[in-house]
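Survey of secondary and tertiary structure
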Amino acid sequence: MTLELCGVSRVVEGRVHIHPTDLVLQGGTMNVLLGPTLSGKTSLMRLMAGLDVPSAGQIFWNGQDVTGQRVQDRRVAMVYQQFINYPSMTVYDNIASPLRLQGRKKAEIDRDVRAVAEMLKLTPMLDRKPLQLSGGQQQRCALARALVKGAGLVLLDEPLANLDYKLREELRLEIPRIFEASGAIFVYATTEPEEALLLGGNTATLWEGRVTQFGPTPQVYRQPACAITARVFSDPPMNFVPVTKTGHRLNLGHLASAPAEGAFAALPDGRYLAGFRANHLALKRHSGRAVEFACRISATEITGSESFLHLAHGPDLWVGLVGGVHDIAPGTEVSVWLDPAHVYLFDEAGALVAPAAYAAAA
């Protein structure tokens, strides 16, 4: 079972929604579309489903060209952020509704409904109406209705975005188990890097209608192919600072420098862009190799166990994520520390030239 996109693009009234895209999704895999709002996740899903026709390129399902095939004629199921159930029907009837539309026999419907209800822990609730369920249970009901169709392709468009934190965490753990049991191709859209990491499988990062990288999720996270992918797959977005390599030294930003060691040593002298994630900045020197940066606090956000520090280092604006409560007044001068082992180097065009040492060793 495979879904293959070959040079697929989507242009609407002269505006490019999806740039030419090549993707191959294999059966029994979880595939995450990760990107900010309006990056093209839903547009790409609609092309996969057959809800929209590509402006160019072809879509193949198990080697068969389905580019012009209607969504009704494909084995596709889709669950949206605004999950939909029929409020006047019981959970049982909600799940059974697509099978009845297919004209299936009553015994087959009962067997399949009870099997998917058991998989999604809905068996005790089959006689209830959706409005008698919690938000997480209602979303599981919508998922069950999608899965019972026997769809080979299940598209989940930010399905947990409207649920509270506890329910999101519960379903994030359940969804990989559900997809493994179904054997379908799952495509899951999210704006949250943490969600992509929790779901595992493969991740495609999107930015302004382009797939910037696709591969196993841990690999895309640890070794982003470009600065855009690194920015998308970091929360808060990755911090950047200009770098000049001269001999055996890296000169970073204003007055900070570090030895050009490991993969950095082999790079030719010149100008680069250093990237590092917010959680790798510290307010105290946490290693003997750490580099000091003089910054000014522009704002502080306290979450309880952690603090987000909005920093200005010359013209560069960064965010640091540090443990504990740090209520630092705007305008305060502070020193922050960064271990060079957590630094990625990109060329001036944004392509990765040297991964962070910690990531390369993982």
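Conventions used here
- Residues numbered from 1 in each chain as written.
- Predicted model: local features only at pLDDT ≥ 70, side-chain atom pairs only at ≥ 80, totals over all residues.
- Heavy atoms only, no water.
- Helix = DSSP H or I, 4+ residues; strand = E, 2+ residues; numbered from the N terminus.
- Buried < 20%, exposed > 50% of the residue type's maximum accessible area, 1.4 Å probe, protein only.
- Contact = heavy atoms within 4.5 Å.
- Areas by Shrake-Rupley, 256 points an atom, 1.4 Å probe, with all protein chains shown as cover.
- Salt bridge = Lys/Arg side-chain N within 4 Å of Asp/Glu carboxyl O.
- Domains from an automatic or database assignment.
- Buried area = accessible area lost by both parts, 1.4 Å probe.
- Polar contact = N/O pair within 3.5 Å; in protein donor to acceptor, adjacent residues only side chain to side chain.
- Nonpolar A, V, L, I, M, F, W, Y, C, P; charged D, E, K, R; others polar.
- Pairing = 2+ DSSP bridges.

1. Considering the overall build of the protein chain
Scanning the protein chain for helices and strands turns up nine helices and 21 strands. For the protein chain, the C-alpha atoms occupy an extent of roughly 75 × 45 × 40 Å along the three principal directions. Split into buried and exposed, the 362 residues of the protein chain put 49% on the buried side. Sequence-distant contacts in the protein chain: of pairs separated by 6 or more residues, those separated by 24 or more amount to 65%. Accessible area of the protein chain: about 16,800 Å², with a carbon and sulfur share of 53%.

2. Describing the pattern of salt bridges
This structure, assessed with the given rule, holds 13 salt bridges. Salt-bridge contacts for Asp112 lead to Arg104; the nearest nitrogen and oxygen are separated by 2.4 Å. Since its relative accessible area comes to 17%, Asp112 is described here as buried. Note that Lys245 and Asp269 form a salt bridge whose closest N and O atoms lie 3.4 Å from each other. Of this pair, Lys245 sits in strand β11 (residues 239-246) while Asp269 sits in the loop between β13 (256-259) and β14 (270-276), and the two are 24 residues apart along the sequence. The structure contains a network of salt bridges with shared partners spanning Arg104, Glu108, Arg111 and Asp112.

3. Remarks on helix α2 (residues 91-101)
Among the 11 residues that make up α2, eight are buried, leaving the element largely enclosed by the rest of the structure. Among the residues making up α2, those that are buried are Val91, Tyr92, Asn94, Ile95, Ala96, Ser97, Pro98 and Leu99. In the stretch just after α2, Gly103 is the one whose phi turns positive, near 75 degrees.

4. Comments concerning the domain arrangement of the protein chain
The domain architecture assigned to the protein chain consists of domain 1 (2-230) and domain 2 (236-359). Distance from the C-alpha centre of domain 1 to the C-alpha centre of domain 2: 37 Å. Counting residues at the interface gives eight residues for domain 1, matched by 10 residues for domain 2. Here domain 1 packs against domain 2, burying approximately 810 Å² in sum over the two surfaces, 58% of which is carbon and sulfur. A per-residue breakdown of the area domain 1 buries against domain 2 is headed by Tyr221, Ala227 and Ala230, which together make up 50% of the total. Counting the contacts that link domain 1 with domain 2 gives four residue pairs in polar contact (both at pLDDT 80 or more). Counting residues per element, the ones that place at least two in the side of domain 1 that touches domain 2 are α7 (217-222) and α8 (227-232). Its residues placed into classes, the side of domain 1 that touches domain 2 shows six nonpolar, one polar and one charged.

5. Things to note about the pairing of strand β6 (residues 76-79)
Of the two faces of β6, both are covered, the one formed by Val76 and Met78 as well as the one formed by Ala77 and Val79. Both β6 and strand β7 (residues 153-157) contribute to a ladder of four bridges, which runs parallel. Residue pairing across strands places Val76 opposite Leu153, the latter belonging to β7.

6. Focus on the pairing of strand β3 (residues 30-34)
Of all five residues that make up β3, five are buried, and the element is covered over most of its length. Along β3, one buried face is formed by Met30, Val32 and Leu34 and the opposite face, lined by Asn31 and Leu33, is buried too. Alignment of β3 against strand β8 (residues 185-190), held across five bridges, turns out to be parallel. Following the sheet pairing, Leu33 is matched in β8 by Ala189. As defined by bridge partners, β3 adjoins strand β9 (residues 202-207) across four bridges and the pair is classed as parallel.

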